[in-house]
Amino acid sequence: MPASLLSSALVTIAALAAQAPSGRPPSAEEVAKLESKHLTNIRQVTFGFFRAGEGYFRPDGKGIIFQAVPALPESVFLAPAENQYEYQIYAAELSPGAKPLLVSTGKGACTCSFYHPDGKTILFGSTHLNPSPSRPQTAYSRSGSRYRWSFPEGMDIFRADADGKNLTRLTTADGYDAEGSYSADGKQIIFTSFRDGDADIYIMDADGKNVRPVVKSKGYDGGPFFSPDGRRIIYRSDRKGNDLLQVYVNNTEGTAEKALTNNDAVNWGPFWHPDSTHIVYSTSRHGHSNYELYLMNVDTGAEERLTYHDGFDGLPVISPDGKQLMWTSNARGTDRNSQLFLADFQLTPAPVTAAAAK
């Protein structure tokens, strides 16, 4: 780990130790105080799904798109439908009582939805053209960890209107194409593909044409996003082939790669702050059954811990105006199934009051 990151991590650990007696996790009150430096008004967003997560803001910040598994109806001897426990894509207004709208086909498995900057169209990965692949899915997971996902054959990237209509297929290569997102000007899509036999990162025009590789290294490279200013990309990689993910930043030509983490943890789900300098991401550095969110300056390496709640906190995203943070958690709601959570967010830490310091 670079010295700057190690120093910052030690400061964060020391701060936590000062808040809770050694040898025990912080209490709910202590967690609330620690998280209030950057996060306030934390509340659950999604309800009624078997599980939900990986949500992204609509460009106007007033709506979201996310993946979820619908709950089964109350019944006796119910036979679940095919692919019942696979994710589908939903969109919803960020207002109390809003009803989520299914915008994928309801068939196969879906993942990684995202809004076009105009807010009028969406993209997402789907296997609905091959809902039950005959070839085994290649699972990516870590023993004892709470993170895992698969790379199903027949996963392609699709574009649709914001309500799911006018579905158009953008990728046709064999294997897995997903984890896509738009550039800020809406002219390009960056995504992950197995089209050359390994999970690498590619960029294509918004209509699916002119596909070219940008990160081609041995092992999994994925979850890429353009910076809001269009100058850089952020992504995760299993570069060492040890089932541990590290976070990288690069230019859009793929010629200036820089590792932002280098540890014995799973570091994943990086996402840009609107200032194109900071990112949020999730890490298992506190234990592979306890993922926490961190904030990092990609230029200096300085970072701060954002969440302290036991369990899984991951896949963080920041609203277009930089004032809200949304993420997936399986430990903050009434059950242990993952749901989306939202908090008011401030980049500069709130001052610690005398009462909070006690």
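Before going into details, it helps to say that this report is about the structure given with it. What you see is a predicted model, and the numbers here were worked out from it, not measured in a lab. Starting from 1, residues in each chain are numbered consecutively following that chain's sequence as written. Thresholds applied to this predicted model are a pLDDT of at least 70 for local features of residues and 80 or more for the giving and counting of side-chain atom pairs; totals over whole chains, interfaces and linings are not thresholded and use all residues. With hydrogens and water stripped out, all remaining heavy atoms of the structure feed into the side-chain values.

1. A short note on the overall build of the protein
Runs of H or I in DSSP of at least four residues are treated as helices and runs of E of at least two as strands, each being numbered from the N terminus. Counting secondary structure elements, the protein contains three helices and 26 strands. In the protein, which comprises 358 residues, the proportion classed as buried is 50%. Contacts are assigned to residue pairs that have any heavy atoms within 4.5 Å of one another. Considering only contacts in the protein between residues 6 or more positions apart, those separated by 24 or more positions represent 45%. Here the open area of atoms and residues is found with the Shrake-Rupley method and a 1.4 Å probe, where only the protein chains shown may cover a residue. Carbon together with sulfur atoms contributes 52% to the accessible area of the protein, which is approximately 16000 Å² in total. When a residue's accessible area, from a 1.4 Å probe over protein chains only, is under 20% of the maximum for its type it is buried; when over 50% it is exposed; and in between it is partly exposed.

2. Comments concerning the sheet that holds strand S3 (residues 63–70)
The strand order S2-S3-S4-S5 describes an open sheet built from four strands, whose pairing is antiparallel. The sheet is open, and its two edges are formed by strand S2 (49–57) and strand S5 (101–102), each paired on a single side. Judged from the two bridges that link them, strand S4 (residues 88–93) and S5 form a sheet pairing that is antiparallel. Across the sheet, residue Ala-91 finds its bridge partner in S5, namely Leu-101. The criterion for strand pairing is that DSSP finds at least two bridges linking the strands in question.

3. Quick word on the pairing of strand S15 (residues 212–215)
Bridging between strand S14 (residues 200–205) and S15 involves three bridges; their strand directions are antiparallel. Each bridged residue has a counterpart across the sheet, and for Ile-203 the counterpart in S15 is Arg-212.

4. As for the side chain of Thr-127
Along the chain, Thr-127 turns up in the loop between strand S7 (121–126) and strand S8 (138–141). For Thr-127, the residues in contact, after removing those within four places along its chain, are Gly-108, Ala-109, Pro-152, Glu-153, Gly-154 and Met-155.

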